Amino acid sequence: MERLVVWAPRGLSLLRIVAALLFMEHGLMKLFHFPAAQPGAPDPLPPLLLVAAGLEVVGGALLTLGLFTRPVAFVLSGQMAAAYFLAHASQGFWPALNGGDAAILFCFVFLYLVFQGPGEWSLDAQVRKRP
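Residues numbered from 1 in each chain as written. Predicted model: local features only at pLDDT ≥ 70, side-chain atom pairs only at ≥ 80, totals over all residues. Heavy atoms only, no water.

1. A closer look at unusual backbone geometry
With omega at 0 degrees, the peptide bond leading from Phe34 into Pro35 counts as cis. In this fold, Pro35 is placed in the loop between helix 1 (8–32) and helix 2 (47–65). The omega torsion across Asp43 and Pro44 is 5 degrees, close enough to zero to call that bond cis. Considering the arrangement of structural elements, one finds Pro44 in the loop between helix 1 and helix 2. A positive phi angle is found at His33, which is not glycine, with a value near 55 degrees. (Helix = DSSP H or I, 4+ residues; strand = E, 2+ residues; numbered from the N terminus.)

2. A word on the side chain of His88
Mapped onto the elements of the fold, His88 is located in helix 3 (residues 69–88). Engagement of the side chain of His88 in a polar contact is seen with the backbone oxygen of Asn98, the distance being 3.1 Å. Among residues more than four places away in sequence, those in contact with His88 are Ala83, Asn98, Gly99, Gly100 and Ala103. (Polar contact = N/O pair within 3.5 Å; in protein donor to acceptor, adjacent residues only side chain to side chain. Contact = heavy atoms within 4.5 Å.)

3. With respect to the packing of helix 3 against helix 5 (residues 101–116)
Helix 5 packs onto helix 3 with a crossing angle of 155 degrees between their chain directions and a minimal axis gap of 8 Å. With respect to their mutual orientation, helix 3 and helix 5 come out roughly antiparallel. For the crossing formed where helix 3 meets helix 5, the hand is left-handed. Only Ala103, Ile104, Phe106, Cys107, Phe110, Leu111, Leu113, Val114, Phe115 and Gln116 of helix 5 make contact with helix 3, whose side of the interface consists of Thr69, Arg70, Ala73, Phe74, Leu76, Ser77, Met80, Ala81, Tyr84 and His88. (Axes fitted to C-alpha atoms, helices over the stretch in contact; angles between N-to-C directions. Parallel < 35°, antiparallel > 145°, perpendicular 65-115°, else oblique. Left-handed = near helix turned anticlockwise from the far one by under 90°.)

4. Section: helix 3
Counted at 1.5 Å a residue, the expected span for helix 3 with its 20 residues is 28 Å, and the 26 Å between its end C-alpha atoms agrees. For helix 3, the full list of buried residues reads Thr69, Val72, Ala73, Leu76, Ser77, Gln79, Met80, Tyr84 and His88. Along the long axis of helix 3, the arc covered by the buried residues comes to 165 degrees, so they all point the same way. The outward face of helix 3, more than 90 degrees from its buried face, is lined by the exposed residues Phe74, Phe85 and Leu86. Against the buried residues of helix 3 lie helix 1, helix 2, helix 4 (95–98), helix 5 and helix 6 (123–129). (Expected span 1.5 Å × (residues − 1). Buried < 20%, exposed > 50% of the residue type's maximum accessible area, 1.4 Å probe, protein only. Arc of directions from axis to C-beta.)

5. A short note on the packing of helix 1 against helix 5
Interaxial distance between helix 1 and helix 5 falls to 11 Å at its minimum, and their mutual angle equals 135 degrees. In this view, helix 1 runs oblique relative to helix 5, as classed from their interaxial angle. Our pair here, helix 1 against helix 5, has a crossing hand that is left-handed. On the side of helix 1, the interface is formed by Leu12, Leu15, Arg16, Ala19, Leu22, Phe23 and His26, while helix 5 contributes Phe106, Val109, Phe110, Tyr112, Leu113 and Gln116. Looking at side-chain class alone, the contact of helix 1 with helix 5 contains 10 nonpolar, two polar and one charged residues. (Nonpolar A, V, L, I, M, F, W, Y, C, P; charged D, E, K, R; others polar.)

6. Thoughts on helix 5
Between the first and last C-alpha of helix 5 there are 22 Å, a value that for 16 residues agrees with the 22 Å anticipated at 1.5 Å per step. Restricting attention to buried positions, one finds in helix 5 the residues Ala103, Phe106, Cys107, Phe110, Leu113 and Val114. Looking down the long axis of helix 5, one finds its buried residues gathered within 130 degrees of arc, a one-sided arrangement. Of the exposed residues in helix 5, those oriented more than 90 degrees away from the buried face are Leu105, Phe108 and Phe115.

Written as structure tokens, this is what we have:
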């Protein structure tokens, strides 16, 4: 298992990239109905959902690239906490039943990125390497 420690920064990068792409998909579904329309989202989107979708697309893209990872992850973690309490918690206690399990996971993955950083494969890491 000690050999896996060498791969930890790359594993962190993979977690960041995959989570960011999945997160960005939610914004694309709200804004552009790509790859399909967001189930349950009103059309046209109210202003709060427009802001959320913009954060999901732009923030997801920045996290995918690993650019400004810590501040972006902080904002997106807060967005997901707010989304859970505004949209899901009122639907029942259990996250698997109220549809909030993804919001909770995104919230805590992004919060982890705030403290851990972007990993080895990121633009942030490339900027840090420059003299």
